[in-house]
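# Descriptive analysis of the structure
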Amino acid sequence: MKYLAFALGLLSVLFVVSCEKEDIHDDDHGTNYEYHAHIISPTTDAKHLNDTISIKVDFESHTGETVHHINVKIFNKLDSTIVYNMPTEAHVHSSGSYSHEDNLILSDRNGFSGHSDWIMEARVWGHEAGEEEVLERLEFHVHP
């Protein structure tokens, strides 16, 4: 009887140990990214309709970890109409840092109008949605 109780106890321990949950992203589990989004351009200076702005945002992990996802969005401050939303694929999976660069014409065709205020948002986050997400904002005005 002692041997049966010992065998059942041993099997119970082995069962518990063998059934530990595996994390499919084990390399990311518990990672401290310390993400930052640095908006280099445009600046907060006023712009004019039909100006071309340079968009440059540097995303980085201050701990040197992978930059998994990024997004740069420009929308109207008054009604939240989005006129720029890039890149089309947010998953960039870049080691340590990633730079997003583009040019945009502030034209009617692209959704801009004179005497309007705009917000540019730059977001960076980890492997899972919202994981250590960081948001940087910049506001600018467009004159006619």
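Note: the structure precedes this text.
Rules used throughout
- Residues numbered from 1 in each chain as written.
- Predicted model: local features only at pLDDT ≥ 70, side-chain atom pairs only at ≥ 80, totals over all residues.
- Heavy atoms only, no water.
- Phe/Tyr/Trp six-rings, centres within 6.5 Å; stacked < 30°, edge-to-face > 60°.
- Buried < 20%, exposed > 50% of the residue type's maximum accessible area, 1.4 Å probe, protein only.
- Helix = DSSP H or I, 4+ residues; strand = E, 2+ residues; numbered from the N terminus.

So, about the packing of aromatic side chains. The geometry of an aromatic ring pair comes down to the distance between the two centres and the angle between the two planes. A complete count under the given rule lists 2 aromatic pairs for this structure. Taken together, a centroid distance of 4.8 Å and an interplanar angle of 10 degrees make the contact between Tyr-33 and Tyr-35 stacked. The class of Tyr-35 is buried, set by a relative accessible area of 3%. Ring geometry for Phe-112 against Trp-118: centres 4.5 Å apart, planes inclined by 55 degrees, an arrangement best described as tilted. You can call Phe-112 buried: its relative accessible area is 2%.

Looking now at the environment of Met-120. Relative to the assigned elements, Met-120 resides in strand β8 (residues 116–125). By relative accessible area, which is 0% here, Met-120 ends up buried. Met-120 sits 44 residues away from Asn-76 along the chain, and the two C-alpha atoms are 9.0 Å apart.

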